[in-house]
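This is what each chain is made of:
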Amino acid sequence: MAVRAFITGLAGTALSPAERAFVREHEPWGFIIFKRNVETPSQLRRLIGAVREAAGRNVPVLVDQEGGRVQRLGPPHWPSYPPGAAYGRLYDRSPADGIRAAYLGARLIAADLAAVGIDVDCLPVADVPASGADPIIGDRAYGQSADKVSALARAVADGLLEGGVLPVLKHIPGHGRATADSHHALPVVETDQDTLRKSDFAAFRPLSDLPLGMTAHVVYTAIDPIAPATTSVTLVRDVIRGWLGFAGLLMSDDISMGALSGSIEARARTAIAAGCDVILHCSGELAEMQAVASAVPVLTGEAAARADAALAACRMGGADQRSGRGPEGDLMNDVPFETEIAAERASDEPALVVDVEGFEGPLDLLLALARQQKVDLAKISILALADQYLAFIEEARKLRLELAADYLVMAAWLAYLKSRLLLPETNAPEGQSAEDMAIALALRLKRLEAIRDVAERLFGRAQLDRDVFRRGQPEPIAHIKHPQYSATLYDLLSAYAQQRQKTALAHVRLAKRTVWSLAEAREALERLIGQSSDWSRLDEFLIAYVVEPSLAATVLASSFASSLELVREGVMEMHQQGAFAPLYVRKRQASGNGVGDTGGVAAPPADGKG
C-alpha cells in the first residue's frame, strides 16, 4: 500500500464524498482532529470509522488534547483537564505527587481518546518558557527548568502509552524562548548555542526515545540564521537527530501556519528535504490537501521503519518497555534475556522489520512483547521469521557484522520461546515441561488481565472535583440551555404588525373647525330678540338662521352662554319649566304688566306661547 508521508485535517463533522475520494486516491499516513470535527462521542466515532474505512487500514488519528487552553475534546461530553503548569505547581510541593498526577491525568486523557478511536495525542509539551517570550506556550509548559519539564513530560508520555495512545513530543528542539506566535509570524531566537543546550534543548534529550516528535517553526540564529527547525537541514541533522538523539518518527508542525513562507507545495517539499519524515497539514481545505499530497513522497525507507515502530509501540499499549517502566515491568525479567540489544544499537542503523501473522514491526519489539506475553507465540511462524531474517542479513552484514549477530540472538530467543511452548523436553526430565510452561504462561496472562481489570475499575471510580466534592464544597450547577421556539400564524402576523407600526410613517391632518364665537352669538341675539316679545325656545331660536350644519354645535353653546349674559344685563328674560326642560327666552318686559318681577325671569304662558 503506497502510503504518503503526510497527515491531513478534515473540513467538518462528517467525511464528504470529495474527502472520501481524496483519501482513497492519496492515502495519507494519518489524520488530525480539531474542534470543527467534533460534536458528540458517537458522531466522532462515526467520523473516524468512515476515515479508516475509506483508507482501508487502521490509519492513525491524531488530536491536540493537552488540557487547559489546548483541548479539542471538551465539555459537556468530555472533562476539562488542567494545563501543564498545574502539574508543575504540584511538583514544586512534592515531586512524587506531581509526577503521579501528570501520569494519571494523561492516563485519563488516553481513556477518553481510545474510547472514540483516537490513538495519537500531540502531547507532551517539553518546551521551557523563558522570560519575555511570547505567551503562546505559557501555562502549557510544565515548568521553568529542563529537568522538571522532562520529568513531568516523561510521566505524561507513560500515561498515554499505558492507555494505548501514542505521545507526540513537541516542539522539538524548543519553542519556549520564541518571541512570536508561530501561528502568525516566524519567531527568531538569537540565544547562543551553549545556553540553548543547557536550557531549551536539554528538556528534550531525556525524551529522545519517544516514538513521535513534532518540530518547531522557530529560527535559532546561532545554528541556522535563515531557516526554522522544520525546514533546516542543519537543525534536523545536527540537533534533533544528532545532539538530542531523537530516533522516532519526526513530523512537522502545521505547515499552513504563518511562520512559514512560500506555497504549500514548497513548504512540504522543503520540510521533507530537511529531514522531516511526515508533513502535518491541518486546515482541512481540500485544495491545499491535494497540493500537499502532490508534493510529498511515498513513505519508504527509514521513515517507514520509524512509522512502523511508532505504531507497534501503540499496539504494545504500555510505558517504555525497554526500561521496565509500567505496571507490568516485573514480568519482563522472568525470561532469561540479560542484554538490551535494541537500546545499544545506533539510531541510524537499519532495523529488521518483520511481518508475521499477528504482528508487524521491529524484531526487537516483537521479542519484548513475547517476553511479556503480549503476543501469541503459537501464531508466530518461525519459518517466515527465518526467511525475513536471512533477507535482512544479506544487506546488514555488509554494514556491520555485530548488527547481524544481535538480530540473530533475538531471532534465536523467539525460536527458543516457541519451542519451549510447543515441544516437550526429552533431555531434561527434571526441568519444566512444555505443558507446564504453557500453564505458567496462561497463569501470567490471567494475572495480567486481573491487574488490568483492577486498574480499569480504579480509574472508573468517581473523581474528586468532577464527580464528588469535598465537604462543604457544593457541586456546581450546570446550566445547559436549549432554546425552543413555537409560533402560530396569528403570532407571526401580530409581531409583524407591531413591528410595522413602530416603523411606519403616519400623517394625521386635523381639519380646521368653524366656531361661532360668543361675540357673534350675542350680536345676533340682540338683533333678533328686539323684533319679537313672544317666548321662543332657545335651541330653536338661532338654529333656524344657521346655514352651515357644522356650526350647529357651537351655535347652541354660544347662544346659551350669550343668553345668560343678556339676562344678567336685563336685556332678556329666560325660563325653564322643569329639570332638563327646554329653555325659553324673550325680550324683557316693562314692570307693572301683571307679571311678577322674578328678577329678570318670567314664566311663559301655560301653552308655551306668548
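Predicted model, so just to flag it, every value in this text is computed and none were measured. (Residues numbered from 1 in each chain as written. Predicted model: local features only at pLDDT ≥ 70, side-chain atom pairs only at ≥ 80, totals over all residues. Heavy atoms only, no water.)

### Description of the sheet that holds strand β3 (residues 61-63)
The strand order across the open sheet built from 8 strands is β11-β9-β7-β6-β3-β2-β1-β12, with neighbouring strands paired in parallel fashion. Strands at the two margins of the open sheet, each flanked by one partner only, are β11 (249-251) and β12 (279-281). Examined bridge by bridge, β3 and strand β6 (residues 120-121) share 2 bridges and lie parallel to one another. Paired with Val63 across the two strands is Asp121, which belongs to β6. (Pairing = 2+ DSSP bridges. Helix = DSSP H or I, 4+ residues; strand = E, 2+ residues; numbered from the N terminus.)

### Brief notes about the sheet that holds strand β17 (residues 583-587)
Read across the sheet, 3 strands follow the order β15-β17-β16 without closing on themselves; strand pairing throughout is antiparallel. Lying at the two open borders of the sheet, with one neighbouring strand each, are β15 (536-537) and β16 (572-576). Across 5 bridges, the pairing between β16 and β17 is antiparallel. Looking at the pairing, Gln576 lines up with Leu583 of β17.

### Quick look at the nonpolar core
In this structure, Leu44, Leu73, Ile118, Tyr142, Leu160, Ile172 and Tyr220 are the most contacted members of the largest nonpolar core, which totals 66 residues. For this core, the secondary structure elements donating two or more residues are β2 (28-33), α2 (41-55), β3, α3 (84-93), α4 (95-116), α5 (146-162), β7 (166-172) and α7 (233-243). With residues near it in sequence (within four places) discarded, Leu73 still touches Val38, Leu44, Val63, Gln65, Trp78, Pro79, Leu113, Val116 and Ile118. With 26 residues, the next largest nonpolar core counts Ile7, Met214, Val278 and Cys282 among its residues. (Core = buried A, V, L, I, M, F, W, Y, C linked by side-chain atoms within 4.5 Å. Buried < 20%, exposed > 50% of the residue type's maximum accessible area, 1.4 Å probe, protein only. Contact = heavy atoms within 4.5 Å.)

### Description of the confidence of the model for the chain
Mean pLDDT over the chain: 81, with 75% of residues reaching 70 or higher. Below a pLDDT of 50 lies the segment residues 592-602, which in the model reaches 15 contacts outside its immediate sequence neighbourhood of four places, other chains included. (pLDDT = per-residue confidence, 0-100.)

### Some points on the pairing of strand β9 (residues 212-215)
As a general feature of sheets, a regular strand has side chains that alternate between the two faces. Residues Leu212 and Met214 line one face of β9 and the alternating positions Gly213 and Thr215 line the opposite face, and both faces are buried. In this sheet, β9 lies alongside β7 in parallel orientation, the contact comprising 4 bridges. Of the residues in β9, the one forming a bridge with Leu169 is Gly213. Where β9 and β11 come together, 3 bridges link them in parallel fashion. Across the sheet, Leu212 pairs through a bridge with Leu249, a residue of β11.

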